[in-house]
Amino acid sequence: MLFSPTALHIPDGFLTLIVSLIFWAITLIMVGLAVSKTNKSLGEKQIPLMGVMAAFIFAAQMLNFPIAGGTSGHFLGGALAAIVLGPWAGILVMTAVVGVQALLFQDGGLLVMGANIFNMGILTAVIGFGLYRLVVHQKRGLRLAVAGGGAWIATMAAALVTSLQLWLSGTTRLEIVLPAMLGVHALIGIGEGLITVAALTYIEQTRPDLMSAEKTSREGGWGWVLGGVLITLAAVLISPLASGNPDGLERVAENLGFLGIGQDAPYQILPDYTIPFLGETALSTILAGVVGAVILMGLLILVGRNLQRRPKVQDEIVQ
């Protein structure tokens, strides 16, 4: 089966071993910091949100939307995750999403997974959160505008770094790949910004405390969790209708002549978001999407419960 890179999911073969190992090292350091920081700051009320956020981002990434020139793109989600959860928890969510996509669905290579996590998860989270933080005390309209713009900038930054990785690997020339990648992702980034704003608008309406400068511990009921699950399910149900056009990286690789050096994963579990015995059918895609969303929700809730901030001994005695 011919591999199919999705947006910025780099397949094995596109990057050299050295470049891949460098970004594995950077990613492991950042994820280690994220675990340490989250362990000190994660509250109980954020745990279900981590699970819902991971499931939603996974489902939204299945929805390739058409852009100009017979190309498609899909949501990344790093900026959204970081704005809502904070940069460290956001990085953990994105690491889980990209990791499950590679390990379970063979979407993105194994050797280059560190680069994919950095590009789509760490870089986008840091940029999205950093820009939003500048206006977190401002009026809602400005906050949403900066969030959308930050998501666009984060997408462009990810495309820029991907271009540099391809160039450093000798896969293609920088003066050729850079304008091609930035051109197509400038359009994909518009979709990223719109989805980010829509999701933040929903969260502000259901859990406004999560979007305040100082997050409170208000429970807010479980309606918002149910709403997030239903939105995720809706995205999975319509995923068979997603655009079949080549997406960002695939289109650029095809146009520049290095698509053929990509390598398939050494094994297949749920390849291309399908259940193998059901073939490439709408039901197969939907069921694979449900499996992925459920796994990610459960995984992030489990991780969150193990990382959540514990009350100090003296606090427990007072209580």
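This one's a predicted model, so the numbers in the text were calculated from it and none came from an experiment.

**What to know about the packing of aromatic side chains**
Within a pair of aromatic rings, the relevant descriptors are the distance that separates the centres and the angle that separates the planes.
Okay, so step 1: Counted by the stated rule, this structure contains 6 aromatic pairs.
Okay, so step 2: Among the aromatic residues, those joined into a ring-pair cluster are Phe58, Phe105 and Tyr273.

**Describing the packing of helix α5 (residues 113–133) against helix α6 (residues 140–168)**
Okay, so step 1: Between α5 and α6, the least distance of the axes is 8 Å, while the angle of their chain directions is 150°. When the axis of α5 is compared with that of α6, the two are roughly antiparallel. Our pair here, α5 against α6, has a crossing hand that is right-handed. Here α5 contributes Ala115, Phe118, Asn119, Leu123, Thr124, Ile127, Leu131 and Tyr132 to the contact with α6, which in turn contributes Arg143, Val146, Ala147, Gly150, Ile153, Ala154, Ala157, Ala158, Val161, Thr162 and Gln165.

**Quick look at the side chain of Gln165**
Okay, so step 1: Note that Gln165 resides in helix α6.
Okay, so step 2: The buried category is assigned to Gln165, whose relative accessible area is 1%.
Okay, so step 3: When near neighbours in sequence (up to four residues on either side) are disregarded, Gln165 contacts Ile10, Leu15, Val19, Phe23, Ala115 and Asn119.

**Observations regarding the nonpolar core**
Okay, so step 1: Counting 84 residues, the largest nonpolar core has Met53, Ile57, Leu80, Val93, Phe105 and Leu296 as its most contacted members.
Okay, so step 2: If sequence neighbours within four positions are ignored, Leu80 has contacts with Met53, Phe56, Phe75, Thr196, Ala199 and Leu200.

**Here we look at the pattern of salt bridges**
Okay, so step 1: By the definition in use, this model includes 4 salt bridges.
Okay, so step 2: Residues Arg143 and Glu204 are paired through a salt bridge, measuring 2.6 Å at the closest nitrogen-oxygen approach. Taken together, the residues span a long stretch of sequence, with Arg143 in helix α6 and Glu204 in helix α7 (residues 174–206) at a distance of 61 residues.
Okay, so step 3: Linking Glu175 and Arg173 is a salt bridge whose minimum nitrogen-to-oxygen distance equals 2.7 Å.

**With respect to a nonpolar patch on the surface**
Okay, so step 1: On the surface, a nonpolar cluster with roughly 750 Å² of combined accessible area is contributed by Leu226, Leu230, Leu233, Leu237, Ile238, Leu241, Val290 and Val294.
Okay, so step 2: Looking at the nonpolar patch element by element, the count peaks at 4 residues for helix α8 (residues 223–237).
Okay, so step 3: Among the structural elements, Leu233 can be located in helix α8.
Okay, so step 4: Overall, the relative accessible area of 38% leaves Leu233 in the partly exposed class.

**Remarks on helix α1 (residues 17–41)**
Okay, so step 1: For α1, with 25 residues, the first-to-last C-alpha span of 36 Å sits near the 36 Å given by 1.5 Å per residue.
Okay, so step 2: Burial in α1 covers these residues: Val19, Ser20, Phe23, Thr27, Met30, Val31, Ala34 and Thr38.
Okay, so step 3: Buried residues along α1 sit against α4 (87–105), α5, α6 and α10 (282–307).

**Quick notes on the environment of Tyr132**
Okay, so step 1: Looking at the secondary structure, you find Tyr132 in helix α5.
Okay, so step 2: Residue class for Tyr132 comes out buried when judged on its relative accessible area of 5%.
Okay, so step 3: Residues Tyr132 and Leu142 lie 10 residues apart in sequence; the distance between their C-alpha atoms is 9.6 Å.
Okay, so step 4: Separated by 3.2 Å, the side chains of Tyr132 and Arg143 make a polar contact.

About the criteria used
Residues numbered from 1 in each chain as written. Predicted model: local features only at pLDDT ≥ 70, side-chain atom pairs only at ≥ 80, totals over all residues. Heavy atoms only, no water. Phe/Tyr/Trp six-rings, centres within 6.5 Å; stacked < 30°, edge-to-face > 60°. Axes fitted to C-alpha atoms, helices over the stretch in contact; angles between N-to-C directions. Helix = DSSP H or I, 4+ residues; strand = E, 2+ residues; numbered from the N terminus. Parallel < 35°, antiparallel > 145°, perpendicular 65-115°, else oblique. Left-handed = near helix turned anticlockwise from the far one by under 90°. Contact = heavy atoms within 4.5 Å. Buried < 20%, exposed > 50% of the residue type's maximum accessible area, 1.4 Å probe, protein only. Core = buried A, V, L, I, M, F, W, Y, C linked by side-chain atoms within 4.5 Å. Salt bridge = Lys/Arg side-chain N within 4 Å of Asp/Glu carboxyl O. Patch = residues over 30% accessible without salt bridge, like charges linked within 9 Å, V, L, I, M, F, W, Y side chains within 5 Å. Areas by Shrake-Rupley, 256 points an atom, 1.4 Å probe, with all protein chains shown as cover. Expected span 1.5 Å × (residues − 1). Polar contact = N/O pair within 3.5 Å; in protein donor to acceptor, adjacent residues only side chain to side chain.

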